[in-house]
Amino acid sequence: MKFIIALCLLAGGLSYSVDANTRVVNKYADNDFLVKQKFLFEIVYRVEDPLMFEEYIKLGKTFTYDKDDYKFSEKPSEYMEKYYEAYKRGVTLPKGEFFGSLVPTHFEQMYGLFEFFYYAKNWNVFQRNVCWGRLHANEGMFVQALTLALNSRDDAQGLMLPAIYEIFPQQFFTSNFIYKAEKFNYDVWNNYIMYEKEYKDFLYKDYSKYFKEFNNYEYFYTKDFKTWQWWKLMGLGENWYSEDHSIMRDNMGKFNNDSKYVDTMKDVKKLYMPVDYTRNVNFINKESALSYFTEDVEWNSFWYYFNMNYFPLLDDKQIDSKNERRAEYFFFVLKQLLARFNWERLSHGFAETPDFSFCNEVENNYDPQLVSYNGIGYSCRNNYNSYGKFDTIYDIVNFFKDIEEVISQDHSKINNGKVNQYRPDKDDIYFRTLWYIYAHRYNVDTASTDVHIHPNIFMNYETMMRDPLYYKIYKKVTDMFMEFYEYNEPYTYNDLYFPGVEIEGVNVTDMVSYFDIYDFDVTNLMNDGMTFVDGKFVWDKMLMGRQMRLNHKDFELEYTIKSDKKEKVVVSAFLGPKFDEYDRVLPLEKNRKNFVQIDEFLYELNSGINTIKRNSKDFYWTTDDRMTYTELYKLVTAAYEGNYEFPLDYVKPHCGFPDRLLLPRGSEKGMPMQLLFFVYPYTGNNGPSFDNNYSCGIGHIDNMPFGYPLDRQIDEYNFFVPNIYFKDVKIIHEDIYEKYYKFPYNNFGNFDYNYYYNY
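Residues numbered from 1 in each chain as written. Predicted model: local features only at pLDDT ≥ 70, side-chain atom pairs only at ≥ 80, totals over all residues. Heavy atoms only, no water.

**Thoughts on the overall build of the protein**
Here is step 1: Scanning the protein for helices and strands turns up 27 helices and 17 strands.
Here is step 2: For the protein, buried positions account for 60% of its 759 residues.
Here is step 3: Taking all contacts inside the protein whose residues are at least 6 apart in sequence as the whole, residues at least 24 apart take part in 84%.
Here is step 4: Surface summary for the protein: the accessible area is close to 31400 Å², and the carbon and sulfur share equals 46%. (Helix = DSSP H or I, 4+ residues; strand = E, 2+ residues; numbered from the N terminus. Buried < 20%, exposed > 50% of the residue type's maximum accessible area, 1.4 Å probe, protein only. Contact = heavy atoms within 4.5 Å. Areas by Shrake-Rupley, 256 points an atom, 1.4 Å probe, with all protein chains shown as cover.)

Below, the structure written as structure tokens:
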């Protein structure tokens, strides 16, 4: 059994539950926090470029390897010793080379560098080592090692790096956009924009009269017109534009009402450029229709941070978690992500993710259109590609055979028909990591000893979810686990029944999706020189990629629950599809894997009728839009200088799931789905012990299985108890760009800010 659970140790993530009666109190950063946070923001600024902060350069040059500077649990780490030896001989992965987290040679070096950060006995030694790493280590390796260390060190509680897509925008945006951003020069642009204005004034002068002359034509013509390209609909080109308004973000109202925030940001020159997904170039196959989802910046960064929290080979102390259910949690979240992906497929009339075999050729190619930070483009996966690497195939196939044998053995069960879910021994390295590396290495066509790797999306967590093939591979893993859980007997009526408690009804407001526009901070791509005045770094420009993204309107759930006593309970809400791609009703047992647990909270019922309101913004595992790198740096610096009180809730944990992706795209007529609500007695202690404003971890609300009661096979004769309630809903998609499809709006040639503020 330990081999099965070991798979789950590959990753971990965030799951925090919120008591419905709890109010979050703002906390403000102290000076120690601000000093550390400012350092972290500066050390990764333009990380591909040489370090420009003199104090950090001097500090990094003082590095010496003295074992007294480290707190080892037993003896110096083998990986740490190997990395230092490689550094002395000049054979570490050079700067400018592509770093792949799942390349074995890269992985080992990164782990050694991580331990130089992790084992540092205090912050001073840690900071010195980080400066040394910034001077000498490969850029991608350095950022990942630093991310892991900050997740694990006690003196880094609440601290953060910029989002991974702000450190390496190259991993998330198409090469066309990256090239233009890296060539951007403010002074040149400032002169160019004057000529462009003259051109636009001529081009759009009296355009309304022109269109009136051709009013028999319902739609206007735009070169290479695509309905999702909002910049063309508004009469804009693929150029850089100055930004006089606030940053485009869902929660900007909160910050615009903060006078100190407005004052701190007023002198920052903001510029944006429209950016699309790979669909901008070509629809390679039908899977390209999902590129807005599979290439979504925050969808991919969620998987990156999910894996960073519980990285392969980290032991209990390094993971900084005593929760022995992290293995179970990995499987649970992976199932949730695959179900969420299937929702999006169903929105387009596609079937669920097809099965995959490592021994068969794979169709539906994928071109990521990415370029690495070293300037080399990413590999394209061709249709019907079969590499013939039979030794790797045998390793993978044998791994799954081993798992299936364990599943079939009697000792995988214990009394009462319950599967043994104890944690694996820490020596099960093969089952924790190698199957993962084998599977990805097979698709990349690399050998275990390769050092210089051509960029490929399957070698890093933050890029692998872009390829539809990813979902086939991981479906194979989840199917294996589902087979394992089949050994659990279905819950009986008495298992699920909560005497004296009944859900009488749940009112649900409209569930509406739409595409909005969001500004991603790509300032790290700027190529102009860094400016220092009296030794102080001047951050006065901000580059943004303005991108269309999936979002939804807030919706509310209003529960009516009858109870014959006062009792503390857990309330869970699940969302799943109603029909398959052929409009056939999905049986509940077959459909349970397609449900996602969207909410879970503690509540104390009173005797009688209880009315509970939950807004989608309150749901337990989601996170609102985050502040950008530029904003955070400016505010932290202002607070460091004594001009601002920095609220800690401005620093949102990166490992939360984006709230805006909670609902699928749906359809204009309404995509039928169903909500499942469940109320059961609370059996935990006091819920999560950490502050979810700025912490990550597995803070499961009680002792029940993740996904309960959908974690086992369902016997429909015993499943429908009074404390379970189903509700049919529809996901309606509103096309808020429809008004631009006909004649252009009055301010054609300029961004339409009214679209955003009115919506």
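**Description of helix α4 (residues 78-89)**
Here is step 1: Here α4 is 12 residues long and its end C-alpha atoms lie 17 Å apart, about the 16 Å a rise of 1.5 Å per residue gives.
Here is step 2: By the burial criterion, the buried members of α4 are M80, Y83, Y84 and A86. Taken around the axis of α4, the buried residues stretch over an arc of 160°, which confines them to a single face. Facing away from the buried side of α4 by over 90 degrees, the exposed positions are E78, K88 and R89.
Here is step 3: In this fold, the buried residues of α4 make contact with α5 (104-118), α6 (123-136) and α7 (139-152). (Expected span 1.5 Å × (residues − 1). Arc of directions from axis to C-beta.)

**Here we look at the pairing of strand β5 (residues 511-521)**
Here is step 1: Counting buried positions along β5 gives 11 out of 11 residues, so the element sits mostly inside the fold.
Here is step 2: Both faces of β5 are covered, namely the face carrying M511, S513, F515, I517, D519 and D521 and the face carrying V512, Y514, D516, Y518 and F520.
Here is step 3: Summarising the sheet, β5 and strand β17 (residues 724-733) pair through three bridges and their orientation is parallel. Bridge assignment links S513 to a residue of β17, and that residue is H733.
Here is step 4: Looking at chain direction, β5 and strand β8 (residues 541-552) are connected through nine bridges and run antiparallel. Of the residues in β8, the one forming a bridge with Y514 is N551. (Pairing = 2+ DSSP bridges.)

**As for empty space enclosed by the protein**
Empty pockets left among the atoms are what a rolling probe the size of a water molecule brings to light.
Here is step 1: Across all of its chains, the model carries 13 cavities of 30 Å³ or more by this definition.
Here is step 2: There is about 160 Å³ of room inside the largest cavity.
Here is step 3: Lining the largest cavity, in full, are K335, L338, A339, N342, E352, T353, K475, T478, D479, M482, K593 and N594.
Here is step 4: Class assignment of the residues belonging to the lining of the largest cavity gives a composition of three nonpolar, four polar and five charged. (1 Å grid on protein atoms, 1.4 Å probe; cavity = no way out; pocket = protein on both sides within 12 Å on 5 of 7 lines; lining within 4 Å. Points joined across faces, edges and corners; volume = space filled by probe spheres on them. Nonpolar A, V, L, I, M, F, W, Y, C, P; charged D, E, K, R; others polar.)

**Let's talk about the sheet that holds strand β12 (residues 608-615)**
Here is step 1: Judged by pairing direction, the sheet is antiparallel, and its three strands sit side by side in the order β4-β9-β12 without closing on themselves. Across the chains shown, the open sheet's two edge strands, defined by having one partner strand only, are β4 (501-508) and β12. Averaged over neighbouring strand pairs, the angle between their axes works out to 20° when direction is ignored.
Here is step 2: Sheet analysis places β4 next to strand β9 (residues 556-563), joined by seven bridges and oriented antiparallel. Each bridged residue has a counterpart across the sheet, and for N507 the counterpart in β9 is E558. (Axes fitted to C-alpha atoms, helices over the stretch in contact; angles between N-to-C directions.)

**What to know about helix α18 (residues 326-347)**
Here is step 1: Across its 22 residues, α18 extends 32 Å between first and last C-alpha, which sits within 8% of the 32 Å expected from 1.5 Å per residue.
Here is step 2: Burial of α18 is extensive: 22 of the 22 residues sit out of reach of the surface.
Here is step 3: Positive phi shows up at G349, right after α18, with a value of about 80°.

**Details of the environment of I178**
Here is step 1: Inspection of the secondary structure puts I178 in helix α9 (residues 175-183).
Here is step 2: Note on I178: relative accessible area 0%, which makes it buried.
Here is step 3: C-alpha of I178 to C-alpha of G545: the two residues are 367 residues apart in sequence and 9.6 Å apart in space.

**A few points about a negative patch on the surface**
Here is step 1: Taken together, the side chains of D250, D554, E556 and D618 define an acidic patch exposed on the protein surface.
Here is step 2: One can find D250 in the loop between β2 (241-243) and α13 (252-256). (Patch = residues over 30% accessible without salt bridge, like charges linked within 9 Å, V, L, I, M, F, W, Y side chains within 5 Å. Salt bridge = Lys/Arg side-chain N within 4 Å of Asp/Glu carboxyl O. Lys, Arg positive; Asp, Glu negative; His and termini not counted. Charge placed at Lys NZ, Arg CZ, Asp CG, Glu CD.)

**Concerning the packing of aromatic side chains**
A ring pair, where both rings are aromatic, is described by two values, the distance of the centres and the angle of the planes.
Here is step 1: Here the structure, examined in full by the defined rule, presents 84 aromatic pairs.
Here is step 2: On the numbers, 5.5 Å between centres and 80° between planes, the contact of F53 with F537 is edge-to-face. Note that F53 is positioned in the loop between α2 (31-43) and α3 (54-61) and F537 in strand β7 (residues 536-538), a separation of 484 residues in sequence.
Here is step 3: Judged by relative accessible area, which is 5%, F53 ranks as buried.
Here is step 4: Between K38 and the ring centre of Y640, over which it is positioned, the NZ or CZ distance is 5.1 Å. (Phe/Tyr/Trp six-rings, centres within 6.5 Å; stacked < 30°, edge-to-face > 60°. Lys NZ or Arg CZ within 6 Å of the ring centre and 35° of its normal.)

**Description of the packing of α5 against α7**
Here is step 1: Between α5 and α7, the least distance of the axes is 8 Å, while the angle of their chain directions is 45°. Comparing their axes, α7 and α5 come out oblique. Remark: the crossing between α5 and α7 carries right-handed chirality. On the side of α5, the interface is formed by H106, Q109, M110, L113, F114, F117 and Y118, while α7 contributes M141, F142, Q144, A145, L146, L148, A149 and S152. (Parallel < 35°, antiparallel > 145°, perpendicular 65-115°, else oblique. Left-handed = near helix turned anticlockwise from the far one by under 90°.)

**So, the sheet that holds β17**
Think of a sheet as strands paired side by side through backbone hydrogen bonds, with each pair either parallel or antiparallel.
Here is step 1: In space, the eight strands of this open sheet follow the order β2-β3-β8-β5-β17-β15-β10-β11, with mixed pairing throughout. Whereas interior strands pair on both sides, the edge strands pair on one side only; in this sheet they are β2 and β11 (596-605). Neighbour-to-neighbour, the strand axes of this sheet turn through a mean angle of 35°, independent of strand direction.

**A look at the nonpolar core**
Here is step 1: Core analysis: the largest hydrophobic core is formed by 209 residues, its most contacted members being L146, W303, F646 and Y737.
Here is step 2: Sort the elements by how many residues they give to this core and α18 lands first, with 12 residues.
Here is step 3: The residues touching Y737, leaving out its near neighbours within four places in the chain, are W230, L233, F515, D516, I517, M548 and Y755.
Here is step 4: Core analysis: the second largest hydrophobic core is formed by 19 residues, F678, Y682, I701 and I724 among them. (Core = buried A, V, L, I, M, F, W, Y, C linked by side-chain atoms within 4.5 Å.)

**Structural notes on the packing of α4 against α5**
Here is step 1: Across the interface, α4 lies against α5 with an axial gap of 7 Å and an inter-helix angle of 100°. When the axes of α4 and α5 are compared, the pair comes out roughly perpendicular. For the pair α4 and α5, contact is made by Y79, M80, Y83 and Y84 and by E108, Q109, Y111, G112, L113, E115 and F116, respectively.

**As for the confidence of the model for the protein**
Here is step 1: Taken residue by residue, the protein gives an average pLDDT of 83. The fraction at 70 or more is 78%.
Here is step 2: Note that residues 201-222 has pLDDT below 50 and, in this model, 23 contacts with residues that lie over four places away or in other chains.
Here is step 3: A low-confidence stretch, residues 688-695 (pLDDT under 50), is modelled with 29 contacts involving residues beyond four sequence positions or located in other chains. (pLDDT = per-residue confidence, 0-100.)

**Examining unusual backbone geometry**
Here is step 1: For the peptide bond that leads from Y708 to P709, omega is 15°, which places it in the cis range.
Here is step 2: Located in the positive-phi region is Q369, a residue other than glycine, with phi close to 55°.
Here is step 3: Structurally, the position occupied by Q369 is in the loop between α18 and α19 (390-408).
Here is step 4: Positive phi values are uncommon outside glycine, yet D534 reaches one of about 55°.

**Overview of the pattern of salt bridges**
Here is step 1: What the rule picks out here adds up to 41 salt bridges.
Here is step 2: R340 is the salt-bridge partner of E344, the closest N and O atoms lying 2.8 Å from each other. Taken as a pair, E344 and R340 lie in helix α18 at a separation of four residues, close to a single helical turn. Of the two residues, E344 and R340, both sit in the buried class.
Here is step 3: For the salt bridge of R546 with D519, the shortest nitrogen-to-oxygen distance reads 2.7 Å. Taken together, the residues span a long stretch of sequence, with R546 in strand β8 and D519 in strand β5 at a distance of 27 residues. Here R546 and D519 have matching classes, each one buried.
Here is step 4: Through salt bridges that share partners, D296, E298, D516, R549, D625 and R660 make up one connected network.

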